[in-house]
Amino acid sequence: IQKNNLTSVTEFFLLGFQGSQGFRIFLFFLLLVVYILTLCGNLLIIALVSTSRNLHTPMYFFISQLSISDIVLSTDIVPKMLNNLLSNGGTITYVGCITQLCFFGTSETSECCLLTVMSYDRYVAICNPLRYSSIITSAYCVKLSTICWFLSLFAIFINKLTTSFLTFCGSNIIDHFFCDLVPLLDIATSGTFIPESEIYILSPFLLIVPIIIITISYIKIIAIILRIPSSINRQKAFSTCSSHLVVVSIFYCTMLSVYLLPTRKYPKLSKILSLLYTVFTPFINPIIYSLRNREIMKALHETVQRHLNL
């Protein structure tokens, strides 16, 4: 399908994961199970944080916000991908493609911001524990969360602005399983200088700055922990931020590998790496925060017991 310009484009074709029917059926059921568990896990965390008084703390508030972001990301990507797996690729309308790109940018920006805010929360908790309750108040948490989502909405505007400079008059085949900006730039027939310039200008603010803040926070956290004389207290202090550190490492390592490695030459590798941080990271996050967190497991146990006694 070929169109003459941007306004006349009505649909793109997402190649997705090409392969035998057996492979695609296996991948379909695998990703379906992962998606269902992702929704259940993140909704469970949101419900527990909302209903359990023991979890009404800044750290768990930000974890629930992260769960919302993970639900948005996986719901934006997975349903369409599952449909395309059954048909060995599929079409997506121009409006649907831009909408998917915008929600993808929103969830990724919010996750970057929330992980940064959570690192600051852990920094204050460990490096300045006596003033923690006076610094990280409920109102302050709401303000920080609002800023994160405001920046996410700003990402929607940038995504829309970026794609408005693209025109397509050649192939409309996207060699990916969702509408990401880089594959769209690959098939654009107009000059991509303005969209690429936007990426280079905004990336330091939306990606590099959060990484720097998180790194500095953990350097100071580790320095404080190493000064603690008791090994038991050191272990207890580190356990309060270990889950967050694992989530940060998984998220940034997989995402940066997609955009820093020359994946345009290796589209299959790009798809696999993108699958890790768009589908499996939202699935892994609630597992890490629940299995490695006694308070969440305790809240879950109390909730189950309360419902069984009704």
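Cut-offs used in this document
Residues numbered from 1 in each chain as written. Predicted model: local features only at pLDDT ≥ 70, side-chain atom pairs only at ≥ 80, totals over all residues. Heavy atoms only, no water. Helix = DSSP H or I, 4+ residues; strand = E, 2+ residues; numbered from the N terminus. Rg over C-alpha atoms; globule rule 2.2 N^0.38 Å. Contact = heavy atoms within 4.5 Å. Lys, Arg positive; Asp, Glu negative; His and termini not counted. Charge placed at Lys NZ, Arg CZ, Asp CG, Glu CD. Buried < 20%, exposed > 50% of the residue type's maximum accessible area, 1.4 Å probe, protein only. Pairing = 2+ DSSP bridges. Disulfide = S-S within 2.5 Å. Axes fitted to C-alpha atoms, helices over the stretch in contact; angles between N-to-C directions. Parallel < 35°, antiparallel > 145°, perpendicular 65-115°, else oblique. Left-handed = near helix turned anticlockwise from the far one by under 90°. Nonpolar A, V, L, I, M, F, W, Y, C, P; charged D, E, K, R; others polar. UniProt positions renumbered as here; feature names shortened; annotations may be inferred.

Peer 1: Help me out: how do you make sense of the overall build of the protein in this one?
Peer 2: Looking only at helices and strands, the protein features 10 helices and three strands. Order of helices (α) and strands (β) in the protein, N terminus to C terminus: β-α-α-β-α-α-α-β-α-α-α-α-α. Its C-alpha radius of gyration of 21 Å places the protein within 12% of the 19 Å reference for a compact globule of 310 residues. Principal-axis analysis of the C-alpha atoms places the extent of the protein at approximately 65 × 45 × 30 Å. Once local pairs closer than 6 in sequence are excluded, the contacts in the protein between residues at least 24 apart make up 78%. Charged side chains in the protein number 20 positive and 13 negative. The centres of these two groups are separated by 10 Å.

Peer 1: Explain the pairing of strand E2 (residues 90-93) here, please?
Peer 2: Two faces belong to every sheet, and in a regular strand the side chains alternate between them. Side chains of E2 alternate between two faces, with Gly90 and Ile92 buried and Thr91 and Thr93 left unburied. Alignment of strand E1 (residues 11-14) against E2, held across four bridges, turns out to be antiparallel. Residue Leu14 lies in a different strand from E2, and its bridge partner there is Gly90.

Peer 1: It is not clear to me how the state of the cysteines should be interpreted in this structure. Could you clarify?
Peer 2: What we call a disulfide is simply a covalent bond connecting the sulfur atoms of a pair of cysteines. For the coordinates displayed, the defined rule picks out one disulfide. The disulfide that involves Cys97 links it to Cys179, with 2.1 Å between the sulfurs. An S-S torsion of about -120 degrees defines the bridge between Cys97 and Cys179 as left-handed. Taken together, the residues span a long stretch of sequence, with Cys97 in helix H3 (residues 94-127) and Cys179 in the loop between strand E3 (173-174) and helix H6 (181-187) at a distance of 82 residues. Note on accessibility: Cys97 and Cys179 belong to one class, buried.

Peer 1: Would you mind showing me how to read the packing of helix H5 (residues 138-163) against helix H7 (residues 193-227) here?
Peer 2: Angle between the axes and distance between the axes: these two values describe a pair of packed helices. Contact pair H5 / H7: the axes reach a minimum separation of 9 Å and the direction vectors enclose 155 degrees. The angle between H5 and H7 falls in the class roughly antiparallel. The way H5 lies across H7 gives a crossing that is left-handed. Between H5, through Phe154, Ile158, Leu161 and Thr162, and H7, the contact on the second element is made entirely by Pro195, Glu198 and Leu202. Here the contact of H5 with H7 is built from residues that sort into five nonpolar, one polar and one charged.

Peer 1: Is there a simple way to explain the UniProt feature "transmembrane region" (unreviewed entry) in the protein in this structure?
Peer 2: Following the UniProt record, the feature "transmembrane region" (unreviewed entry) maps to residues 25-49, 140-158, 199-226, 238-260 and 272-291 here. Within the segment residues 25-49, helix and strand shares are 100% and 0% respectively, and the terminal C-alpha atoms sit 36 Å apart. Taken end to end, residues 238-260 comprises 100% helix and 0% strand; its first and last C-alpha atoms sit 30 Å apart.

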